[in-house]
Each structure stands twice: as C-alpha cells, then as structure tokens.
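Tertiary structure, described
Okay, here's what each chain looks like letter by letter:
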Amino acid sequence: MRSPLSPEMATQEVPLNETLAHLKTESETLKLKLEEERAKLHDVELHQVAEKVEGLGQFVMKTRRTLKGHGNKVLCMDWCKDKRRIVSSSQDGKVIVWDAFTTNKEHAVTMPCTWVMACAYAPSGCAVACGGLDNKCSVYPLSLDKNENLAAKKKSVAMHTNYLSACSFTNSDMQILTSSGDGTCALWDVESGQLLQSFHGHAADVLCLDLAPSETGNTFVSGGCDKKANVWDMRSGQCIQSFETHESDINSVRYYPSGDAFASGSDDATCRLYDLRADREVAIYSKESIIFGVSSVDFSLSGRLLFGGYNDYTINVWDVLKGTRVSILFGHENRVSTLRVSPDGTAFCTGSWDHTLRIWA
Amino acid sequence: MSSSSSIVAMKKVVQQLRFEASINRVKVSQAAAELQQFCMNNATQDPLLTGMSSSTNPFRPQKVCSFL
C-alpha cells in the first residue's frame, strides 16, 4: 500500500528500488555463470599435463655480487636493458644506479620523501623513474657527467591521491604506467605529464603491475589489496579479465614470457599461475612449511622457473610446469622485497630490508 | 548514498560481468600444453635453467689462469 506521497515522488520511488534489486540478482547470476564457464573447461591440471616432462636437476645458484650502499630497506629495483645496470630505491629516500658487474655506484639521487616504493629504468637507459609516499612518479634523466646534480633535472610526471606502489615505462621513454594506494592505475605522457588513461576497478590499494610482452599487444596486469589480479586494455581503460583466488594481498604480478599467462605472489604465502586463454588459475606454488608472504616473483627466460622472494628472507625457486619447488636460496638477513631476472636471463637480482641487493647466478 | 548513484554503480558491475562472462575460453588441457611447449622450445636459451658455464656468464667468477 503506497504512502501518501506527492504524485512525482510516488511514481519515482518504486521503479528505482526494483531496478537495484534486479541488478543485484543479475550480478549474482553472472558471477555464478562465470564460475560455471570457467569450471567447464577445467579438464586437467597443469602438472598432470607436465607429467611426461623431464624433471629438473639440482640447481647451483649463489650470490655472485652484493650491492651495499643503501642506508635503509631496499624496496624496489629494476634492470637496465643493457643487462648490467640496475636502479634501486629505498626507505631512506635514496635512488641509486649501480653497475652490477663491478658493484660501482654510478648515480645517486635523494628523493624529497621517504619510502620510495617504486623505481624503473627507461628503455633507452637514459633515465629512471621513481616515487612512493610523495604520491608522485618523477623521471630523472641520467647524466654522463657524474658530478651533475640529477635532482635539478627532475620531471614530475604522475600525480596520485595516495602512495605510488609501482611504475613502469611502456615500450618507450615517452609513457609511464603507474599503480597507487588510491586504488587506480594510470598511463601518463612523460613530456607533458598529461594523464592519458586511468584504470578503475580495484576495490583497494593496487600494489603491483606488469606490462604484457610487446608482441602480445597493449595490455597489462595489476594486483591489489582486494586480492584481485586484473588484466587491462591500455587503450580503452577497460578491465578485460579479473581473477580472485588469492586469500590475501597480491604483492607482485609478472607475465609469463609468452604473454599467455601471468604469475602472482601474495601475503597468503602462495604464488599462482593464471592462464589468460583458459581464463583461470592453473597452478598454485605452495608448501605447508612456507607460511610467510611472497613479496616479488619473476620467471626465467623460458618460463620454466619461477623465482619468489619471501618475507622469511628466502628465495624459493619453483618448477612452473610440475608445481614443485626445485631450490631454496638463503643469504638475505631480512625480508626479500623485490626480485627481477636480468633482461638476458643470465642472473636475477633481489633487494631486501637488510639494506642490500644481491645478484644470483 | 542516493539510490540513483548505487544504481549507476551496479549497472557498471553488471556490464563488466556480462563482458567477462562473454569472452572466449580454451580448455585448460590445451592452454597447459601450449605453456609447456613454450618452455620446451626456449629451454636451451634459458641461462638460469641450463646453468651457463663460467666463461659465458658475466656474473660467475672467471677461472683463474695460472702458469704451470
């Protein structure tokens, strides 16, 4: 029975409520349908398909270089395309460029903020990008003149409304992709600082991102505190696929070298592999004895090995196909916070809360 | 929160779900076979997998030559 409202209000009131209820029902139905469609194609597990593949032998991987110089926790690092230079950033606000062969420091910049959580090398090798608690991503051109004050040439590119968690140049020095504690990702033009595209869909802080290998087109994957990994179309800004199987924050995402899948590392102590064409999780890399979160993951060149840096100070090396652990590496004296394989796959670098970076091969 | 803004938000959620539900998927067996094939095809080019010798890996220590 309708209450005595004015004629306009009476006609508006009832249809709005029905539509909201209908939409909620439809959304629940669609979610179930999505699960059913994914389940229909789940005819086998990856490790079953890989049963006939030869197992991997013993691995001898050791620390070959230790990079010392940061005064506090190392939070992020990235390789230069020249396969020998590395940029790293730290809680103390310092960003350092190293020659990993010689362990020499080539450049150092002090950021105006602490907790520089993100840093990236430009494809040309001529600049680095970084940011963190300043909510920005800034680009510093690297000068050949070691005495030049890098901070003077700093260019502010990205502005978020919360901390910068990750950044990456796209295929050129001209565009940067960022992720933030404000729950969004964004694509920026470096020269003008203009926002080219923004990516909305995460329900909480976005912690990580990775660009698809250039052959596979314009997409990237992001992971966040909402336990979701989202795949985005860079041009339209649309989320094209979404995966929610982790039980806690996703700290790291990395594409499989073919671009057809990606791995994730989470505070739930597992790494997972998601295949994009099957549109589902196809492997979990975990052990009962591993109870600390994964901060960072990366693949070896062929995609056969997955390296994970953990909060229990170790690195676990996984056989991606068989789902088994092939090696555990010790050395860091605190959490491993960042891990990247070199561009030519000859080594990988880890950064840690113990203030150092290590090169392993 | 007004009813109309939650409707707009729900419409976006439904649109997104419709889009995600409609994509083409392949069977896991096929996807897994292709992942495996990629690994196999590139295994010999993977230095961390094959374990490069000291002479070719720039990070491994060079064997020292000594005069006998």
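Residues numbered from 1 in each chain as written. Chains lettered and ligands numbered in written order. Predicted model: local features only at pLDDT ≥ 70, side-chain atom pairs only at ≥ 80, totals over all residues. Heavy atoms only, no water.

Before going further, it helps to examine the overall build of chain B. The number of helices and strands found in chain B is 3 helices and 0 strands. If you list the helices and strands of chain B from N to C, you get α-α-α. Here chain B, with 68 residues, has 34% of them falling under the buried criterion. (Helix = DSSP H or I, 4+ residues; strand = E, 2+ residues; numbered from the N terminus. Buried < 20%, exposed > 50% of the residue type's maximum accessible area, 1.4 Å probe, protein only.)

With that out of the way, let us pick up the packing of aromatic side chains. Given two aromatic rings, their pairing is described by the distance between the two centres and the angle made by the two planes. All names here are of chain A. Applying the stated criterion to the full structure yields 14 aromatic pairs over all chains. Seen from their ring centres, Phe 220 and Trp 232 are 6.3 Å apart, and the 20° between their planes marks the pair as stacked. Taken together, the residues span a long stretch of sequence, with Phe 220 in strand β15 (residues 219–224) and Trp 232 in strand β16 (residues 229–233) at a distance of 12 residues. Trp 232 sits in the buried class, given a relative accessible area of 0%. Residues Tyr 256 and Phe 299 carry aromatic rings whose centres are separated by 5.3 Å and whose planes lie at 90° to one another, so their mutual orientation is edge-to-face. Residue Tyr 256 is found in the loop between β18 (250–255) and β19 (261–266), and its partner Phe 299 is found in strand β22 (residues 294–299); the two are separated by 43 residues along the sequence. Residue Tyr 256 is classed as buried on the basis of its relative accessible area of 0%. Overall, Phe 299 belongs to the buried group, its relative accessible area being 5%. (Phe/Tyr/Trp six-rings, centres within 6.5 Å; stacked < 30°, edge-to-face > 60°.)

Looking at chain A as a whole, the pLDDT averages 92, with 94% of positions reaching at least 70. In this model residues 8–14 of chain A is a low-confidence stretch, pLDDT under 50, and it forms 3 contacts with partners more than four residues away in sequence or in other chains. (pLDDT = per-residue confidence, 0-100. Contact = heavy atoms within 4.5 Å.)

What links the strands of a sheet is backbone hydrogen bonding, and the strands pair in either a parallel or an antiparallel sense. Residues and elements named next belong to chain A. What the 4 strands build is an open sheet, ordered β6-β7-β8-β9; its pairing is antiparallel. Among the strands making up the open sheet, the edge pair consists of β6 (118–121) and β9 (155–159). Taken over all neighbouring pairs, the strand axes of this sheet differ in orientation by 20° on average, direction set aside. Both β6 and strand β7 (residues 127–131) contribute to a ladder of 4 bridges, which runs antiparallel. Within the sheet, the bridge partner assigned to Tyr 121 lies in β7 and is Val 128. (Pairing = 2+ DSSP bridges. Axes fitted to C-alpha atoms, helices over the stretch in contact; angles between N-to-C directions.)

Once that is clear, we can look at the UniProt feature "repeat: WD" (unreviewed entry) in chain A. Residue and element names in this part refer to chain A. According to UniProt, the "repeat: WD" (unreviewed entry) feature falls on residues 67–108, 157–198, 199–242, 243–284, 294–328 and 329–361. Note that residues 67–108 is 0% helix and 57% strand, and that its end C-alpha atoms are spaced 14 Å apart. Spanning residues 157–198, this segment combines 0% helix with 57% strand, and its end C-alpha atoms are found 14 Å apart. (UniProt positions renumbered as here; feature names shortened; annotations may be inferred.)

Before going further, it helps to examine the domain arrangement of chain A. How big an interface is tends to be stated in terms of the accessible area lost upon association of its parts. All names here are of chain A. Once the domains are mapped, chain A shows domain 1 (61–199) and domain 2 (201–330). Spacing between the C-alpha centres of domain 1 and domain 2 amounts to 22 Å. Opposite the 20 residues of domain 1 that make contact, domain 2 presents 21 residues. A combined buried area of about 1500 Å² lies between domain 1 and domain 2, and 68% of that area is made up of carbon and sulfur atoms. On the domain 1 side of the interface with domain 2, the three residues burying the most area are Met 61, Leu 177 and Phe 199, jointly 37% of the side's total. Scanning the region where domain 1 abuts domain 2 turns up 0 salt bridges. Joining domain 1 to domain 2, the criterion identifies 4 residue pairs in polar contact (both at pLDDT 80 or more). (Domains from an automatic or database assignment. Buried area = accessible area lost by both parts, 1.4 Å probe. Salt bridge = Lys/Arg side-chain N within 4 Å of Asp/Glu carboxyl O. Polar contact = N/O pair within 3.5 Å; in protein donor to acceptor, adjacent residues only side chain to side chain.)

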